[in-house]
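Each chain, letter by letter, is given below.
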Amino acid sequence: MKLASIAIIVAGGLMSQSAVAIEKMYGVVSAGYTDLEYSNTVEESFGYKLILGHEFHRQWYVEAGFIQFADIDTESDYSTLGIQANGLYLGVVGKASHAVGELFYRLGAANVDVQAQELSADGQCKFGAAVGAVNGQTLCQFDEGIAAGIIGLGFDYYVATKTFVRLEAEYMRGKDGFDTSMISLGIRYNFN
């Protein structure tokens, strides 16, 4: 809930700029494959991103957005343990224009919220607290906020005057062994 409130405030702040700033704004909706590692949890999942961006120089953008890395429920027999990971992102994007689109690279930071369950054979929880036992192992549940850095590379391919198809790959690493990569395909729309 806290992340959603911050996302709304950031989006409102970006949209409340002068008319000149709005002319150079865009939005991105993309979805793709994520590979997430944190603590003893390793998951592959479907993820998506919602981004607002602003061109502040002919070769530079600033972007803010929401990223969901995983939303997996715990199975009733605990054969799969659940994990939810999403975060807010802020980054700088450099671009190189071409006749068919724009090649870009991204550097940024994110605040990722990871809620998960994991099993501990030694009875000690690395994160969170013990909430029960499964097959002689302690079931640990945690909700952690993680600061992470982002590096990415992608291409926006022109398909219409204001519309691009975006293909990108990015890697994110944070504290306590948080490590994820995402390959996504999406649509970028320029509001001008």
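What you are looking at is a predicted structure, and each value in this text was computed from that prediction instead of being measured.

Participant: Explain the side chain of Thr34 here, please?
Facilitator: Relative to the elements of secondary structure, Thr34 occurs in strand E1 (residues 25-38). Among the residues examined, Thr34 registers a relative accessible area of 0% and is labelled buried. A distance of 2.6 Å separates a polar side-chain atom of Thr34 from the backbone oxygen of Phe69. If sequence neighbours within four positions are ignored, Thr34 has contacts with Glu43, Glu44, Ser45, Phe46, Gly47, Phe69, Thr180, Ser181 and Met182.

Participant: Can you walk me through the pattern of salt bridges in this structure?
Facilitator: Opposite charge on two side chains lets them pair, provided their charged atoms get close. Scanning the entire structure with this criterion turns up eleven salt bridges. Linking Arg106 and Glu170 is a salt bridge whose minimum nitrogen-to-oxygen distance equals 3.0 Å. Of the two residues, Arg106 is situated in strand E5 (residues 101-120) and Glu170 in strand E8 (residues 163-174); the sequence distance between them amounts to 64 residues. Residue Arg106 is classed as buried on the basis of its relative accessible area, which comes to 1%. Connected through salt bridges with shared partners, the residues Lys49, Glu63, Lys95, Glu102, Arg106, Asp156, Arg166, Glu168, Glu170 and Arg188 form a single ionic network.

Participant: What's the story with the environment of Gly145 in this structure? I'm lost.
Facilitator: Note on placement: Gly145 falls in strand E7 (residues 137-158). In the structure, Gly145 is positioned 33 residues away from Val112 in sequence and 5.7 Å away in space, judged by C-alpha atoms. With residues up to four places along the chain from it excluded, the contact list for Gly145 reads Asn111, Val112, Asp113 and Lys175.

Participant: Explanation requested: the environment of Gln59 in the structure shown.
Facilitator: Relative to the elements of secondary structure, Gln59 occurs in the loop between strand E2 (41-57) and strand E3 (60-72). Residue Gln59 is classed as partly exposed on the basis of its relative accessible area, which comes to 35%. Sequence separation of Gln59 and Val93 is 34 residues, and the distance between their C-alpha atoms is 8.4 Å. Those residues in contact with Gln59, other than ones at most four positions away along the chain, are Val93, Gly94 and Lys95.

Participant: How do you make sense of the packing of aromatic side chains when you look at a structure like this?
Facilitator: The relation between two aromatic rings is expressed through the spacing of the ring centres and the mutual angle of the planes. Counting across every chain of the model gives eight aromatic pairs. Through successive ring pairs, a cluster of aromatic residues spans Tyr38, Phe69, Phe142 and Phe178. Looking at Arg188, its charged tip hangs above the ring of Tyr26, at a distance of 4.5 Å from the centre. A cation over an aromatic ring shows up here: Arg188 above the ring of Phe164, its NZ or CZ 4.2 Å from the ring centre.

Participant: Explanation requested: the nonpolar core in the structure shown.
Facilitator: A general feature of soluble globular proteins is that nonpolar side chains tend to end up buried together. In this structure, Tyr38, Ile83, Tyr89, Val112, Val114, Met172 and Phe178 are the most contacted members of the largest nonpolar core, which totals 27 residues. At the level of secondary structure, the elements contributing two or more residues to this core comprise E1, E3, strand E4 (83-98), E5 and E7. With residues near it in sequence (within four places) discarded, Tyr38 still touches Val114, Phe127, Phe142, Glu144, Ile146, Lys175, Asp176, Gly177 and Phe178.

Participant: Just checking my understanding: could you explain the pairing of E7 for this structure?
Facilitator: In the case of a regular strand, side chains alternate between the two sheet surfaces. When E5 meets E7, the two strands line up antiparallel, connected through 20 bridges. Among the inter-strand pairings, Gln115 is bridged to a residue of E7, identified as Asp143. With eleven bridges connecting them, E7 and E8 associate as antiparallel partners. Opposite Gly154, over in E8, you have Glu168 as the bridge partner.

The rules behind the values
- Residues numbered from 1 in each chain as written.
- Predicted model: local features only at pLDDT ≥ 70, side-chain atom pairs only at ≥ 80, totals over all residues.
- Heavy atoms only, no water.
- Helix = DSSP H or I, 4+ residues; strand = E, 2+ residues; numbered from the N terminus.
- Buried < 20%, exposed > 50% of the residue type's maximum accessible area, 1.4 Å probe, protein only.
- Polar contact = N/O pair within 3.5 Å; in protein donor to acceptor, adjacent residues only side chain to side chain.
- Contact = heavy atoms within 4.5 Å.
- Salt bridge = Lys/Arg side-chain N within 4 Å of Asp/Glu carboxyl O.
- Phe/Tyr/Trp six-rings, centres within 6.5 Å; stacked < 30°, edge-to-face > 60°.
- Lys NZ or Arg CZ within 6 Å of the ring centre and 35° of its normal.
- Core = buried A, V, L, I, M, F, W, Y, C linked by side-chain atoms within 4.5 Å.
- Pairing = 2+ DSSP bridges.

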